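Observations on the three-dimensional arrangement
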Amino acid sequence: MAPSSTPVSLPALPDGFLPALKRIVGDRGLLTKAEGILPHVTEQRGRFVGATACVVKPGTTGEVAQVIKLCQDHDIAIVPQGGNTGLVSAGIAFAEDRAIILNLSRMNKVRNLDPLNNTMTVEAGCILQNIQEAAAKADRFFPLSLGSEGSCQIGGNIASNAGGINVIRYGNTRALVLGLEVVTADGEIWDGLRSLRKDNTGYDLKQLFIGSEGTLGVITAAVLKLFPAMKERSTAFIGLRQLDDAPPLLGLAQSLIGEALNSFELIPRIALDFALKHGQDITDPLGQPYDWYILLEASAGTPQANLPLLFESFLEQALEAGLIHDAALAQNTAQADSFWRLRENITLCQKAEGGSIKHDIAVPLSAIPAFISKANAAVESYLPGIRPYPFGHIGDGNIHYNLSQPPGMDINDYLAHWDRLNRIVHDIVVDMGGSISAEHGIGRVKLEENLHYKSPLEIRMMQQIKQSLDPKNLMNPGKLLPVSPRS
Ligand SMILES: Cc1cc2nc3c(=O)[nH]c(=O)nc-3n(C[C@H](O)[C@H](O)[C@H](O)COP(=O)(O)OP(=O)(O)OC[C@H]3O[C@@H](n4cnc5c(N)ncnc54)[C@H](O)[C@@H]3O)c2cc1C
């Protein structure tokens, strides 16, 4: 069950706790007034409002360690928070957690950039877009890219193992991290800031913290992998002949464009219609309407790769093979940006059509057309008039399977079907060997669904890891794993 929406309240803290916090972080590092706290306990989509007595913003790793030790001494739980753009209520505190929020935004320095080693050491509170820009200034490229990149932080990206639009080529965040600095649940500082591509000296501990949703420790800094700056990019907006042709089209693109292929995103006609109706500065890149579109992009570090030629040859062969109806090849950066604007408006414009029940699923790429057709049939039979709205990173087998409400239905009546529709869709996903959370994580919102589908052994092994690294269960309790009594 999803957490219910509760008003901001201020759970009591032990005497002397707040003054001790203030001595560590100073006045500017502590928020205790409701208006300052509210944005930190309000979930991104505004669905849930949590509660906490304070938000603490340490400025250094040493301060993070002192805050955690203080919390250990007083048995106060900690919710680490980055940009609060997460979509599963993992980065906000709820009243029953009796937790403070530890926000990393003041730790926003680039500590080092080594262009010869192609690495960059950054503090956890750096905004993703600032990291991309710092890499570009050094003629390098940091490939993690998501719709929230103007406000999410690298610590949050790492803790949620974010995906985004370049995963086909560069992998998830996990593949982009070489080293971490972490403050453990005991308040000790682990300096794992290695900038090595080879290091077989035991368990790869950083992997435990990547994707752990703040439940094992606080990430304070990271060494990131950089790549040569991209000098050329080619972008196409393609009208598919039918959805079944998407996997073979990706296969053809991979064989002809090779590893220069970055992005392969699915857009249904309904999303283009909503974007044209509700978005600003959106145009249909193709003259005729088609049921399904692919937004495809490739980039190269050297002009010699001759991307435009490769692209043209790929599109010709796709047309000859009867996989596509039509395609628009961006003629300049502005046109490429306009294709991406359309993609980025998909969620926003869906909101204008009323309630949306969401899924962030993955199935093997080859099974995507079958998944969409089975899921559409199941949800339409459960609630006639419902409008399936599947889009996203299809090249990774990841679909944001959103469901728009039937026109005219009361939004609250519609949203009351959330859990039932989740179960209908997730049953199909799991039957096909898929995942109920491809990139957004589990947090609080998908906790029960995850317990329902994951094997008891897998949950038990995760609990054992949690117990050994956070025996008092103070790190983000109730997220990812069910709350166990605090010892
Ligand atoms: C418009 C939009 C588009 C998005 N697109 C994508 C997408 O394409 N792919 C994708 O994967 N996600 C996407 N997201 C979801 C979200 O942006 C990502 O999950 C992002 O990585 C969260 O970063 P954040 O800094 O906002 O973290 P938060 O939301 O603040 O926190 C997320 C989790 O990380 C933990 N955490 C945060 N900082 C730390 C730290 N320093 N140490 C330990 N734990 C920490 C929190 O406790 C929480 O569990 C999107 C969100 C929006 C609003």
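Note that the coordinates shown come from a computational prediction; the quantities given were computed from them, not determined experimentally. (Residues numbered from 1 in each chain as written. Predicted model: local features only at pLDDT ≥ 70, side-chain atom pairs only at ≥ 80, totals over all residues. Heavy atoms only, no water.)

**Some words on the overall build of the protein**
A count of helices and strands for the protein gives 17 helices and 19 strands. For 487 residues, the compact-globule formula gives about 23 Å, and the C-alpha radius of gyration of the protein, at 23 Å, lands near that figure. Taken along its principal axes, the extent of the C-alpha atoms in the protein is 75 × 55 × 45 Å. Burial status across the protein gives 53% buried among its 487 residues. Taking contacts inside the protein between residues at least 6 apart in sequence as the whole, the part at least 24 apart equals 73%. In the structure as shown, the protein presents an accessible area of about 20,400 Å², 52% of it carried by carbon and sulfur atoms. If the 42 positive side-chain charges of the protein are averaged to one point and the 51 negative ones to another, these points end up 6 Å apart. (Helix = DSSP H or I, 4+ residues; strand = E, 2+ residues; numbered from the N terminus. Rg over C-alpha atoms; globule rule 2.2 N^0.38 Å. Buried < 20%, exposed > 50% of the residue type's maximum accessible area, 1.4 Å probe, protein only. Contact = heavy atoms within 4.5 Å. Areas by Shrake-Rupley, 256 points an atom, 1.4 Å probe, with all protein chains shown as cover. Lys, Arg positive; Asp, Glu negative; His and termini not counted. Charge placed at Lys NZ, Arg CZ, Asp CG, Glu CD.)

**Topic: helix α4 (residues 128-137)**
Taken together, the buried positions of α4 are occupied by Leu128, Ile131, Gln132 and Ala135. All buried residues of α4 project into a common sector of 100 degrees when viewed along the axis, lining one side. Of the surrounding secondary structure, the elements contacted by the buried residues of α4 are β5 (110-114), β6 (119-123), β7 (140-141), α5 (154-159) and β10 (217-225). Trailing α4 by a residue or two, aspartate 139 shows a phi angle of about 60 degrees, which is positive. (Arc of directions from axis to C-beta.)

**As for the side chain of threonine 235**
Structurally, the position occupied by threonine 235 is in strand β12 (residues 232-240). Within the structure, threonine 235 has its side chain in polar contact with the side chain of glutamate 297 (distance 2.7 Å). Not counting residues up to four positions away in its chain, the partners in contact with threonine 235 are Leu295, Leu296, Glu297, Phe311, Ala328, Leu329, Ala330, Ala336, Phe339 and Trp340. (Polar contact = N/O pair within 3.5 Å; in protein donor to acceptor, adjacent residues only side chain to side chain.)

**Here we look at the site of the ligand**
With respect to spatial proximity, 35 residues lie near the ligand, and among them Pro80, Gly82, Gly83, Thr85 and Ser148 are the closest. Within the backbone of glycine 156, an N or O atom sits 3.5 Å from a nitrogen atom of the ligand. Contact with the protein chains removes 90% of the 970 Å² of surface that the ligand exposes when unbound. For the shell around the ligand, the leading source of residues is α5, giving 4 residues. Residues belonging to the shell around the ligand are distributed by class as follows: 11 nonpolar, 22 polar and 2 charged. (Near = heavy atom within 4 Å. Nonpolar A, V, L, I, M, F, W, Y, C, P; charged D, E, K, R; others polar.)

**As for the packing of helix α13 (residues 368-382) against helix α15 (residues 418-431)**
Taken N-terminus to C-terminus, the directions of α13 and α15 make an angle of 150 degrees; their axes are 10 Å apart at the nearest point. Here α13 lies roughly antiparallel to α15, going by the angle between them. Crossing of α13 against α15: the hand is right-handed. Residues Phe371, Lys374, Ala375, Ala378, Val379 and Tyr382 of α13 form the contact with α15, whose own contacting residues are Arg420, Leu421, Ile424, Val425, Ile428 and Val429. When its residues are assigned to classes, the contact of α13 with α15 shows 10 nonpolar, no polar and 2 charged. (Axes fitted to C-alpha atoms, helices over the stretch in contact; angles between N-to-C directions. Parallel < 35°, antiparallel > 145°, perpendicular 65-115°, else oblique. Left-handed = near helix turned anticlockwise from the far one by under 90°.)

**Thoughts on the nonpolar core**
It is characteristic of soluble globular proteins that their nonpolar side chains tend to be buried jointly. In this structure, Ile238, Leu249, Ile257, Ile294, Leu296, Phe314 and Phe371 are the most contacted members of the largest nonpolar core, which totals 49 residues. Elements represented by at least two residues in this core include exactly β12, α8 (246-257), β13 (261-268), β14 (292-300), α10 (307-320), α13, β19 (398-404) and α15. Residue-level mapping places this core at the junction of two domains, with at least three residues from each of domain 3 (232-347) and domain 4 (354-462). Those residues in contact with isoleucine 238 that sit more than four places away from it in its chain are Leu249, Leu286, Trp292, Tyr293, Ile294, Leu296, Phe314, Leu315, Ile324, Asp326 and Ala327. If you look at the next biggest cluster of nonpolar residues, it comprises 26 residues, including Tyr170, Val182, Ile219 and Leu224. (Core = buried A, V, L, I, M, F, W, Y, C linked by side-chain atoms within 4.5 Å. Domains from an automatic or database assignment.)

**Notes on the side chain of threonine 52**
Structurally, the position occupied by threonine 52 is in the loop between α2 (34-41) and β2 (55-56). Engagement of the side chain of threonine 52 in a polar contact is seen with the backbone oxygen of cysteine 54, the distance being 3.2 Å.

**Quick word on the confidence of the model for the protein**
Confidence in the prediction of the protein, expressed as mean pLDDT, is 94, and 97% of residues score 70 or more. Here residues 1-9 scores under 50 on pLDDT; set against residues more than four positions off or in separate chains, the count is 30 contacts. (pLDDT = per-residue confidence, 0-100.)

**Some words on the pairing of β13**
Most of β13 is tucked away: 8 of the 8 residues are buried. Pairing between β13 and β14: 7 bridges, direction antiparallel. In the sheet register, phenylalanine 264 faces β14, and the bridge partner there is leucine 296. (Pairing = 2+ DSSP bridges.)

**Looking at the sheet that holds strand β3 (residues 77-81)**
Within a beta sheet, neighbouring strands are joined by backbone hydrogen bonds and run either parallel or antiparallel to one another. Across the sheet, which stays open at both edges, the 4 strands sit in the order β1-β2-β4-β3 with mixed pairing between neighbours. Here the strands that pair on one side only, and so sit at the sheet edges, are β1 (30-31) and β3. The pairing of β2 with strand β4 (residues 99-103) spans 2 bridges and is parallel. Residue pairing for β4: valine 55 is matched across the bridge by isoleucine 101.

**Side note on the UniProt feature "domain: FAD-binding PCMH-type" (unreviewed entry) in the protein**
The positions that UniProt labels "domain: FAD-binding PCMH-type" (unreviewed entry) are, in the present scheme, residues 48-229. Secondary structure across residues 48-229 comprises 21% helix and 26% strand; the distance between its end C-alpha atoms is 40 Å. (UniProt positions renumbered as here; feature names shortened; annotations may be inferred.)

**Structural notes on the sheet that holds β14**
An order of β13-β14-β12-β15 is seen for the 4 strands of this open sheet, with the pairing classed as antiparallel. Of all strands in the sheet, those bounded by a partner on one side alone are β13 and β15 (324-329). Sheet twist, expressed as the average angle between the axes of neighbouring strands with direction ignored, equals 20 degrees. Bridge count for β12 against β15 is 5 bridges, and the pairing is antiparallel. What sits directly across from leucine 240, in β15, is isoleucine 324.

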